[in-house]
Amino acid sequence: MVVLGHESCGAIGAMLEHADDDHVPGHIAAIVDCLKNEPEEREVLRESGEDIAGRAIMANIMHGVKQLRESDPILSHLYKEGEVQIVGALYHIASGEVEFLDI
């Protein structure tokens, strides 16, 4: 299984834009609320510095991988037994390259 994130993610952009408020317009509100509640995203939101969007995208990929690897009763068992791989990857839109991550 591949958890595939991508550059320039609109949902991540909306989360960052509305990090300090509770009003997110339209249908993306539910997605932004989910993102804001991910532990990995909360950590990124506490940080500052360059490429916060890139770090937030990576955090979202890591969250998805972790969630699937721990998903009971089926996936966690299959992952622990080595019967299925659950990996993260980042799609680079400009080049079309898929970068598999070491997580």
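Notes on the structure follow.

Cut-offs used in this document
By convention here, each chain's residues receive numbers from 1 onward along its written sequence. This being a predicted model, a pLDDT of at least 70 is required before a residue's local features are given, and a value of 80 or more before pairs of side-chain atoms are given or counted; all residues contribute to the totals for chains, interfaces and linings. Side-chain metrics rest on all non-hydrogen atoms present in the structure, leaving aside hydrogens and water. Exposure categories follow from relative accessible area, calculated using a 1.4 Å probe and restricted to protein chains: below 20% of the type maximum is buried, above 50% is exposed, and the middle band is partly exposed. Here a strand is any run of E in DSSP of at least two residues, a helix any run of H or I of at least four, and the numbering for each starts at the N terminus. Each C-beta atom gives one direction from the helix axis, and the arc is the one those directions make. The criterion used for residue contact is that any of the two residues' heavy atoms lie within 4.5 Å. Salt bridge criterion: a side-chain nitrogen from Lys or Arg within 4 Å of a carboxyl oxygen from Asp or Glu. Angular values range over 0 to 180 degrees, each being the angle between N-to-C directions of two axes fitted as lines to C-alpha atoms, with helices fitted over their stretch in contact. The cut-offs work like this: below 35 degrees is roughly parallel, past 145 is roughly antiparallel, 65 to 115 is roughly perpendicular, and the gaps in between are oblique. Each crossing is labelled by how the near helix is turned from the far one, with a counterclockwise turn of less than a right angle marking it left-handed and a clockwise turn marking it right-handed. Gly is placed with the polar residues, together with every amino acid not listed as nonpolar (Ala, Val, Leu, Ile, Met, Phe, Trp, Tyr, Cys and Pro) or charged (Asp, Glu, Lys and Arg). The span you would expect from a helix comes to 1.5 Å times its residue count less one.

Below, the discussion takes up helix H1 (residues 10–17). Turning to H1, its buried residues are Ala-11, Ile-12, Ala-14 and Met-15. Buried residues of H1 fall within an arc of 160° about the axis and therefore sit on the same side. Of the surrounding secondary structure, the elements contacted by the buried residues of H1 are helix H2 (29–37), helix H3 (39–46) and helix H4 (52–69).

Further remarks concern the pattern of salt bridges. The full count for this structure, using the stated rule, is two salt bridges. Linking Glu-47 and Arg-55 is a salt bridge whose minimum nitrogen-to-oxygen distance equals 2.4 Å. When its relative accessible area of 25% is taken as the criterion, Arg-55 is described as partly exposed.

Turning next to the packing of H1 against H4. The interhelical angle for the contact between H1 and H4, taken along N-to-C directions, is 120°, at an axis separation of 10 Å. Classified by the angle their axes make, H1 and H4 are oblique. In this structure, H1 meets H4 at a crossing whose hand is right-handed. Where H1 abuts H4, its residues Ile-12, Met-15 and Leu-16 lie against Ile-52, Ala-53, Ala-56, Ile-57 and Asn-60. Within the contact of H1 with H4, the residues separate by chemical class into seven nonpolar, one polar and no charged.

Spanning 18 residues, H4 covers 25 Å between terminal C-alpha atoms, matching the ideal 26 Å at 1.5 Å per step. Taken together, the buried positions of H4 are Gly-54, Ala-56, Ile-57, Ala-59, Ile-61, His-63, Gly-64, Val-65 and Arg-69. In the core, the buried residues of H4 are packed alongside strand S1 (2–6), H1, H3, helix H5 (75–80) and strand S2 (87–91).

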